[in-house]
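# Analysis of the macromolecular model
Chain by chain, the residues:
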Amino acid sequence: MNIAWVYLILAGICEIGWAFGLKYSEGFTKLGVSIITVIVMILSFVLLSQAMKTLPLGTAYGIWTGIGAAGTALLGMIFLNEPRDVIRIVCLLLIITGVIGLKVFSGAK
């Protein structure tokens, strides 16, 4: 696996982290959580920018947002007792399928 893909996956994981950080920073009113959230945001953007040096823009951005959206929604269902309706799960599967499709058909090595 090319290092750009590793950067991209790590950037997506960081996106999940900062989304949760936003939730727990309570509008940036909790200083410690807010600082960690901003650091993870910056790390996510830095990793994404490194991945974009070699990966196509649409592929990298689509996968980054897909990992973040699907991962955040899934973890919200697991840890925050968010709704687990069948239609939400189907929608998550569509996002995941789209992310896999972007990877498979990207033409990037």
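Data block above holds the structure.
A few points on the structure.

Reading guide: rules and limits
- Residues numbered from 1 in each chain as written.
- Predicted model: local features only at pLDDT ≥ 70, side-chain atom pairs only at ≥ 80, totals over all residues.
- Heavy atoms only, no water.
- Helix = DSSP H or I, 4+ residues; strand = E, 2+ residues; numbered from the N terminus.
- Buried < 20%, exposed > 50% of the residue type's maximum accessible area, 1.4 Å probe, protein only.
- Contact = heavy atoms within 4.5 Å.
- Areas by Shrake-Rupley, 256 points an atom, 1.4 Å probe, with all protein chains shown as cover.
- Polar contact = N/O pair within 3.5 Å; in protein donor to acceptor, adjacent residues only side chain to side chain.
- Core = buried A, V, L, I, M, F, W, Y, C linked by side-chain atoms within 4.5 Å.
- Expected span 1.5 Å × (residues − 1).
- Axes fitted to C-alpha atoms, helices over the stretch in contact; angles between N-to-C directions.
- Parallel < 35°, antiparallel > 145°, perpendicular 65-115°, else oblique.
- Left-handed = near helix turned anticlockwise from the far one by under 90°.
- Nonpolar A, V, L, I, M, F, W, Y, C, P; charged D, E, K, R; others polar.

## Considering the overall build of the protein chain
Counting its regular elements, the protein chain contains four helices and zero strands. Going from the N terminus to the C terminus, the protein chain shows its helices and strands as α-α-α-α. For the protein chain, the C-alpha atoms occupy an extent of roughly 45 × 35 × 20 Å along the three principal directions. The buried share of the protein chain, reckoned over its 109 residues, is 33%. Counted over contacts in the protein chain with a minimum sequence separation of 6, partners at least 24 positions apart contribute 65%. For the protein chain, the exposed area adds up to about 6600 Å²; of that, 75% sits on carbon and sulfur atoms.

## Focus: the side chain of Ser 44
Inspection of the secondary structure assignment puts Ser 44 in helix α2 (residues 31-51). Within the local environment of Ser 44, its side chain forms a polar contact with the side chain of Trp 64, the two groups lying 3.0 Å apart. Not counting chain neighbours up to four residues away, the residues in contact with Ser 44 comprise Ala 11, Cys 14, Glu 15, Trp 18 and Trp 64.

## Some remarks on the nonpolar core
One finds Leu 8, Leu 48, Leu 55 and Ile 63 to be the most contacted residues of the largest nonpolar core, which totals 16 residues. Those elements giving two or more residues to this core turn out to be α1 (3-25), α2 and α3 (57-79). The element that contributes the greatest number of residues to this core is α1, accounting for seven residues.

## Observations regarding α3
Taking 1.5 Å of rise per residue, 23 residues should cover 33 Å, and α3 covers 32 Å from first to last C-alpha, within 8% of that figure. All of the buried residues along α3 are Thr 59, Ala 60, Ile 63, Trp 64, Gly 66, Ile 67, Gly 68, Ala 70, Gly 71, Ala 73, Gly 76 and Met 77. Where α3 is buried, its residues touch α1, α2 and α4 (86-104). Of the residues flanking the end of α3, it is Asn 81, one or two places downstream, whose phi is positive at about 55 degrees.

## Considering the environment of Gly 21
For Gly 21, the location among the structural elements is in helix α1. A sequence separation of 29 residues divides Gly 21 from Gln 50, and the C-alpha atoms of the two residues are 23 Å apart.

## Description of the packing of α1 against α3
Two numbers describe how α1 lies on α3: the axes approach to 8 Å, and their chain directions differ by 40 degrees. It follows from the interaxial angle that α1 and α3 lie oblique. The two elements α1 and α3 meet at a crossing, and its hand is right-handed. Residues Trp 5, Leu 8, Ile 9, Ala 11, Gly 12, Ile 13, Glu 15, Ile 16, Ala 19 and Phe 20 of α1 lie in contact with α3, whose contacting residues are Thr 59, Ala 60, Ile 63, Trp 64, Thr 65, Ile 67, Gly 68, Gly 71, Thr 72, Leu 75 and Gly 76. Across the contact of α1 with α3, the residue classes tally to 13 nonpolar, seven polar and one charged.

## Some details on unusual backbone geometry
Although it is not a glycine, Glu 26 sits at a positive phi angle of roughly 50 degrees. Mapped onto the secondary structure, Glu 26 falls in the loop between α1 and α2. Its relative accessible area of 48% is what places Glu 26 among the partly exposed residues. Notably, Phe 28 is not glycine yet its phi reads approximately 60 degrees, a positive angle.

## A look at the side chain of Ser 34
For Ser 34, the position within the fold is in helix α2. Residue Ser 34 is classed as buried on the basis of its relative accessible area of 7%.

By themselves, these are just geometric observations and shouldn't be taken as functional.
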